[in-house]
2 protein chains.
Amino acid sequence: MRKKQSSNYINEQFLFETCERNSAISIVSGRWKSQIIYYISQGHNRFHLLKQQLPAISETVLARQLKELEAHAILVKREIADTVPTGVKYLLTNKGWDLVPILDSLCNWGKVYADGKEIFVPADPKLVQ
Amino acid sequence: MRKKQSSNYINEQFLFETCERNSAISIVSGRWKSQIIYYISQGHNRFHLLKQQLPAISETVLARQLKELEAHAILVKREIADTVPTGVKYLLTNKGWDLVPILDSLCNWGKVYADGKEIFVPADPKLVQ
DNA sequence: AATGGGGCTAACAATTTTGTTAGTCATTGT
DNA sequence: ACAATGACTAACAAAATTGTTAGCCCCATT
């Protein structure tokens, strides 16, 4: 549980109020989260399927991350009728789907520089330096 | 210092190797980081200017975040000649500048849903916009 | 009767991140 | 003589996140 009177919490709230960028990043930045969103978008939308894709994750941790994504309305949990034991699927909402291309562009940004794109300081990116 | 033999570290490495998306997010997800990138992109590229924009940050913390961004080549530090006390400016690299529009789109994503865009589970995800 | 899904939860421990305190340095203005 | 400025750093403390352990439930199959 977060301590509402801590500097840590207060600073986080300040950033959330300054710009939605900060809340957005905090939603996707938990361990495993963006990878979970990606796998669900690819159709691996069951608890056990996600476990298969992420062999090192524990069930406790996976359940926790899914619950947090659900709390931010990135996904919803749906029981699958007439399954024994009860099956559950995780479906991205439109809010979750909208995130997918943005995460893709982050992925691509990372790849380009990991693949050796030259890094330099632009001479004059905005006519102010 | 990170413990290289901890599960925490090993899992992080696993995600980094799985997709650059995960390293990319980890670069921008530290407290204050995306906001610092934004302010530098807007021309607030001095230590004391960033402090003005982020009144609650401590100098220790600001210096730490800047050093981490520098380690990831998002920005570089440049001494300003003939200043007393020594002035320093922080310049985004092309890698840093490339991040700016992606952070903008995250910001916009957050805003749209904060402003009340309806959230639902798309019947057919391919039709979502 | 025991095992194996499938999908969890609570309590706790380990690790990591963030924030605090108290300095430094070299010069200029009062 | 002394404070102020700009830009830090080391050592430590607080808080948050992540991972571990040990369980639960319900039904089907061996």
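Below, the structure is looked at part by part. Please read all numbers here as calculations on a predicted model, not as lab measurements.

### A closer look at the relation of the copies chain A and chain B
With an RMSD of 0.1 Å, the operation that places chain A on chain B is a rotation of 180° combined with a shift of 0.0 Å along the axis. Such a combination of rotation and displacement between the chain copies is what one expects of a two-fold axis. Across chain A, the rotation axis passes nearest the C-alpha of S29 of chain A, at a separation of 3.1 Å. Of the residues that chain A buries at the interface, 98% are likewise interface residues in chain B, meaning the two copies contact each other through the same surface.

### Structural notes on helix α6 (residues 94-114) of chain A
Residue and element names in this part refer to chain A. The terminal C-alpha atoms of α6, which comprises 21 residues, lie 31 Å apart, in line with the 30 Å expected from a rise of 1.5 Å per residue. Between the side-chain oxygen at the start of α6 and the backbone nitrogen of K95 there is a gap of 3.2 Å, and the oxygen is on T93. Phi turns positive, to about 100°, at G116, one or two residues after α6.

### Things to note about unusual backbone geometry
Trans is the prevailing form of peptide bonds, just as negative phi is the prevailing case for residues other than glycine. Residues and elements named next belong to chain A. Not every positive phi belongs to a glycine, and W32 is a case in point at roughly 80°. Note on placement: W32 falls in the loop between α2 (20-28) and α3 (33-41). Even without being glycine, D82 reaches a positive phi, approximately 55°. Positionally, D82 belongs in the loop between β1 (75-80) and β2 (87-92).

Procedures and definitions
Residue numbers restart at each chain and count upward from 1, following the sequence in its written direction. Both sets of labels track the order of writing: A upward for chains, 1 upward for ligands. Side-chain atom pairs in this predicted model are given and counted only at pLDDT of 80 or more, local residue features only at pLDDT of at least 70, and totals for whole chains, interfaces and linings cover all residues. Excluded from the side-chain calculation are hydrogens and water; included are all heavy atoms of the structure. When the copies are superposed, the least-squares fit draws on C-alpha atoms of residues that have pLDDT of at least 70 in both. Note on contacts: a residue pair is in contact if any heavy atoms of the two residues lie within 4.5 Å. Each helix is a run of DSSP H or I of at least 4 residues and each strand a run of E of at least 2, with the numbering of both proceeding from the N terminus. Each residue after the first adds 1.5 Å to the expected span of a helix. Pairs of N or O atoms within 3.5 Å make up the polar contacts considered here, provided that, within protein, one atom can donate a hydrogen while the other can accept it, and that residues adjacent in sequence are counted only when both atoms are side-chain atoms.

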